[in-house]
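Chain residues, written in single-letter form:
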Amino acid sequence: MRFMADPLSVFFLAVIGLVSVPSLVYSAGYLHGQFTRRRLILLHSLTGIFMFSMAAVVTSADIIAFLLAWEIMSLVSFFLVLFEHEHEQSVQAGLIYVIMTHAGTALLIAAFMLMYRYSHGFDFASIGVACASMPQDVRNLVFIFLLSGFGTKAGIVPLHIWLPYAHPQAPSHISSVMSGVMIKTAIYGMIRFIIVLLGVTEAWWGNLVLVLAAISCLVGVIYALMEHDIKKLLAYHSVENIGIILLGVGACMLLLTMGQTYCALLALIAGLYHLVNHAAFKGLLFLGAGAVYKATGTRDMEKMGGLIRNMPWTGALFLLGAMAISALPPLNGFVSEWLTLQSLFLGAMHASSGGYKLFLGIMAAALAFTSGLAAACFVKAFGITFLAQPRSPQARDAKEVSLSMRAGMALLAVPVVMLGLGAAWVVKALTGVAGNVLSLDTAGVSFGPNALILAPASGSQTYLSTPLIFAGLAVFGAGVVFYYRRINKRAVRMFKTWDCGYYRLSARNEYTATAFSKPFRVAFAFLLQPYRRTHKIWESFYQVRSFKYETHTTPVFKKYFYDPLLQLIFSAAGFMRRIQPGSIHLYIGYIFATVVLLIALMRKF
Amino acid sequence: MKIMMLVLQFLFLVLAAPLICGIIARVKNNLRMRKGAPVLQPYYNIVKLLSKDEVVSSTASWVFRIAPAVVLSSSMAALALVPAVIAGNSANLAGDLLAVLFIFALGRFFLALAGIDTGSAFGGMGSSREMFIASFAEPCASLAIFSLFLRSGSTNPEMLGIPGPVQVSTVFAALCLIMVIIAETSRLPIDNQETHLELTMVHEAMVLEYSGSSLAFIEAGSYIKQIVWFGILAHIVMPSAVSASSGLVPVIGSAALFGGKVLGLAVCVAFLEVFIAKMRLFRVQDYFGFAGILGLFAVISSLMGI
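Residues numbered from 1 in each chain as written. Chains lettered and ligands numbered in written order. Predicted model: local features only at pLDDT ≥ 70, side-chain atom pairs only at ≥ 80, totals over all residues.

A few points about the overall build of chain B
A tally of helices and strands in chain B yields 11 helices and one strand. Mapped from its N terminus to its C terminus, chain B presents α and β elements in the order α-α-β-α-α-α-α-α-α-α-α-α. Scaling as 2.2 N^0.38, a compact globule of 306 residues should have a C-alpha radius of gyration of about 19 Å, and chain B matches this with 19 Å. On the principal axes, the C-alpha backbone points of chain B span a range of 55 × 45 × 40 Å. Relative to its 306 residues, chain B shows a buried fraction of 62%. Sequence separation of at least 24 residues holds for 81% of the intrachain contacts in chain B that already meet a minimum separation of 6. (Helix = DSSP H or I, 4+ residues; strand = E, 2+ residues; numbered from the N terminus. Rg over C-alpha atoms; globule rule 2.2 N^0.38 Å. Buried ≥ 20, exposed ≤ 12 C-beta atoms within 10 Å, placed from the backbone. Contact = placed C-beta atoms within 7 Å.)

Next up, the structure:
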């Protein structure tokens, strides 16, 4: 078992630290009074092991250490999902999670065994050498195993099924680490094993990753729009953001096979940039959602509203995170989505054939669509939760959370802003990391004329400068504020919202999250397959006392992919039962037959 | 000298922005055989609103209060990036056309939140619809930009306008962008600026609770947004910006040409609005499906080199 720290590992260690430290600060307040002392000790030790195992995953230098760390990470996070085991949902979520993650690990082990067959060594260096001399069909098989194994952990569609169940069930500071960092270790695995060790030689690898990424983006955000459980909504956004990261990584893989190393470098930088950004803002948002949960005791957005008045700090910090994830300038999500778009555009410009150009253009359009839908989703998430009037007594009586929780969130708000404003510096730092991954000499490569301005392609006159945009927005905004304060002397009167003369406008008149997402439900009906259920409660034969009206969406992936799969497994198990009738004589016969078969096989080889 | 010219251009565009709306309204009214309000009516409206007292909903929070400032400043920031009269806009060091899309998203985000903030069902309805429409507009705009990018190699708005004879791909991209612009500036058949009928309004529903100078800022923001889009489209179809150092006469000529182009677009939009009926909300995806296909045509024809 050996460990190492090359630039890629150091980068991922930094991401782990970025989210872990604030969530630990946050947990001090969040866990206060929630558990008994013994369980608290258990939770903290599990958390410690969890963070340590993630660090081990990204620093291990041989596959044994990697797998060991990977399994510890998976199991400990399973325990953490299961931690509030008195809720039935937690048990269910934990079950789905542990099955999916082990199926993923099995695929990884298969890939590693194939690699080991050629390398006869466990360390990465010898595997890297051996991978170069592997036959192509074995390489393809290894790639498929690695992609589906890591894809399960990353939560790419259709392997995402566990993510929206498992992440919300853990305590919020753990959700933030799981969504912010743990799923990123799968991205680390993809970069380390597919790009660095295996080496990308086939164009279809990159194509496959890009298509899966685009599907993950869109499916993730569409499901998030339908979701009214605030933590589940955020979990679906993790699926979406993993898709955005993989758009960068996939474009990098595709462009490498075309020999466009400069564009590939840019695409990888964009992917890594979005990775660290997502860690920051998703960590922040999960902590914010946890604060809301702590204050109101519910995760259902339809029962919230008006929280910004009682919880100004949480509200402001959640708004910042929501703006960042919606890719609004000048925050960090904007820079990385812009860079991803630019790298797709530039990749298309230099792609080898017209078909690839069109393909990459459509990928860019998918990304633009995703960011538009994400903005809509976060208008809903923030607006319904924090604005307007409270929709329930719990929301009305919510109190601002404790200092340590606010400090934890603020610690994550700082990188959200800094990674946005310091874009040129971040790109410069990431150039080294990505150059090391692609083993390029990046000494002469620069993505900008100075420390303020980004220029993805030199000589193309495409620039981006978040500090300048921020300055522009600030100057004009300050002008408006100045006008309000100094020039405009008109009175401002507070009065109730226009109620069309109804005089009893209450929270019941507000737009709900369900209503907000209705247009999307109709537009994406082909995917969501919504249906309605109306219950009539009869007063007598003639009169209906009340109606109960429900809208649901069909869980398409569960219904058409996992349920048939489960059925298949059950029927296979039923078949196996027939050859296991409980007769000891028959079993002895099986053993005898096996021994004979083995001897026969031994002779053959 | 150049900076001075650019600042002048910026101020000129800010001041001219409401005029476009006035002209469109006037053309529409004349086409309907009505006399119509004066062309300068939008200016009168803004002055009137600025001199009025303001009513703020008691259920609204600070998000509602800062939204007008965000809307106006995001529109102004986007305006600084537009290629209009002077070539070599230094502000393009801050961002490109994709950045303009995202900057507009900032203003829209806050306006949609403000719509929810008042607690009225109208506001929430408007926000939901606005975000719905905008999210579909984004991929179409990105396809159009991509098709232009394939020829220019840059997303700098100024580079996207390629001098020379108009190409097929430019025509398709422009058609796609016109459809996007119609939606973004809340015009028929997506939205109707003239209506205050509850069931059909989108943008107007979101800003229903605003009054006084806040409303003036929001209105000014949407006027500026409109001139940004018109300016970009005019530049893409027929680039005419001249270098600041080329003397006063060419600059004035360029300004006149720019005005003419934008005026022509405004008249086109007015004609479209008169002859089109409003679309059901749930047909918006079909509308943008069509725009997206135009965008794909633009990309394909650009790949074919025509």
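Let us keep going from here.
Considerations on the overall build of chain A
Looking only at helices and strands, one finds 24 helices and three strands in chain A. If one aligns the C-alpha atoms of chain A with their principal axes, the spans along those axes are about 95 × 75 × 50 Å. Classification of the 605 residues of chain A by burial places 53% in the buried group. Partitioning the intrachain contacts of chain A with sequence separation of at least 6 by distance along the chain shows that 78% fall at a separation of at least 24.

Digging into the interface of chain B and chain A
Contacts between chain B and chain A engage 71 residues on the former and 68 residues on the latter. The set of elements that each furnish at least two residues to the side of chain B that touches chain A consists of β1 (54-57), α3 (62-80), α4 (97-117), α5 (121-152), α9 (212-237) and α11 (284-303) of chain B. Here the element with the most residues in the side of chain B that touches chain A is α5 of chain B; it accounts for 17 residues. Judged from the four bridges that link them, strand β1 (residues 492-495) of chain A and β1 of chain B form a sheet pairing that is parallel. In the strand pairing of β1 of chain B, Val-492 of chain A is matched with Glu-54 of chain B. (Pairing = 2+ DSSP bridges.)

Regarding the nonpolar core
Ranked by size, the top nonpolar core spans 331 residues in total, and within it Leu-146, Ile-269 and Met-363 of chain A together with Phe-102, Leu-113, Cys-176 and Leu-233 of chain B carry the most contacts. Per element, the largest residue contribution to this core is 23 residues, and it comes from helix α11 (residues 261-296) of chain A. Beyond its immediate chain neighbours, meaning those up to four positions away, Cys-176 of chain B contacts Cys-140, Leu-143, Ala-144, Ala-291, Leu-294, Gly-295 and Ala-298 of chain B. (Core = buried A, V, L, I, M, F, W, Y, C linked by C-beta atoms within 7 Å.)

Topic: α11 of chain B
Relative to the 28 Å expected for 20 residues at 1.5 Å per residue, α11 of chain B spans 28 Å between its end C-alpha atoms, a close match to the ideal helical length. For α11 of chain B, the full list of buried residues reads Val-284, Phe-288, Ala-291, Gly-292, Leu-294, Gly-295, Leu-296, Ala-298, Val-299 and Ser-302 of chain B. Against the buried residues of α11 of chain B lie α15 (354-386) of chain A together with α5 and α7 (168-184) of chain B. (Expected span 1.5 Å × (residues − 1).)

Re unusual backbone geometry
Residue and element names in this part refer to chain A. Across the junction of Val-157 and Pro-158, the peptide omega takes the value 5 degrees, indicating a cis bond. Position of Pro-158 relative to the elements: it lies in the loop between α6 (136-154) and α7 (163-169). That bond from Pro-329 to Pro-330 is cis: its omega, 0 degrees, falls within 30 degrees of zero. For Pro-330, the location among the structural elements is in the loop between α13 (312-325) and α14 (332-350). Positive phi is not limited to glycine here, since His-120 has a value of about 55 degrees. The topology assignment puts His-120 in the loop between α4 (88-119) and α5 (124-132). Using a count of 9 C-beta atoms within 10 Å as the deciding quantity, one classes His-120 as exposed. Of note, the phi angle at Gln-529 is positive, near 45 degrees, even though the residue is not glycine.

Quick look at the pairing of strand β3 (residues 544-553) of chain A
Residues and elements named next belong to chain A. For β3, the buried fraction is low: zero of the 10 residues fall into the buried class. Sheet analysis places strand β2 (residues 530-538) next to β3, joined by nine bridges and oriented antiparallel. Following the sheet pairing, Arg-533 is matched in β3 by Glu-550. What sits between β2 and β3 in their antiparallel hairpin is a turn of five residues.

Digging into the environment of Ala-137 of chain B
Residues and elements named next belong to chain B. Here Ala-137 shows up in helix α5. Residue classification places Ala-137 among the buried positions, given that 27 C-beta atoms sit within 10 Å. Remark: the alpha-carbon pair of Ala-137 and Ala-67, spanning 70 residues in sequence, is separated by 22 Å. Residues in contact with Ala-137, not counting those within four places in the same chain, are Val-180, Ala-183, Glu-184 and Phe-288.

Points about the packing of helix α3 (residues 63-81) of chain A against α4 of chain A
Residues and elements named next belong to chain A. Orientation of α3 relative to α4, taken along the N-to-C sense of each, is 170 degrees, at an axis distance of 9 Å. Overall, the two elements α3 and α4 adopt an arrangement that is roughly antiparallel. Residues Ile-63, Leu-67, Trp-70, Glu-71, Ser-74, Phe-78 and Val-81 of α3 form the contact with α4, whose participating residues are Ser-90, Ala-93, Gly-94, Tyr-97, Val-98, Thr-101, Thr-105, Ile-109 and Phe-112. Class assignment for the residues of the contact of α3 with α4 results in 10 nonpolar, five polar and one charged. (Axes fitted to C-alpha atoms, helices over the stretch in contact; angles between N-to-C directions. Parallel < 35°, antiparallel > 145°, perpendicular 65-115°, else oblique. Nonpolar A, V, L, I, M, F, W, Y, C, P; charged D, E, K, R; others polar.)

Things to note about the confidence of the model for chain B
Chain-level statistics for chain B give a pLDDT mean of 89 and a share of 100% at 70 or above. The ipTM for the predicted assembly is 0.95, set against a pTM of 0.93. (pLDDT = per-residue confidence, 0-100.)

Section: the domain arrangement of chain A
Domain boundaries in chain A define domain 1 (1-199), domain 2 (203-441), domain 3 (507-553) and domain 4 (556-604). The C-alpha centroid of domain 4 of chain A is placed 47 Å from the C-alpha centroid of domain 3 of chain A. (Domains from an automatic or database assignment.)

What to know about the environment of Phe-78 of chain A
All names here are of chain A. Among the structural elements, Phe-78 can be located in helix α3. For Phe-78, a count of 19 C-beta atoms within 10 Å corresponds to the partly exposed category. For the pair formed by Phe-78 and Ala-93, sequence separation is 15 residues and the distance between their alpha carbons is 9.2 Å. Leave out the neighbours within four places in its chain, and Phe-78 touches Gly-94, Tyr-97 and Val-98.

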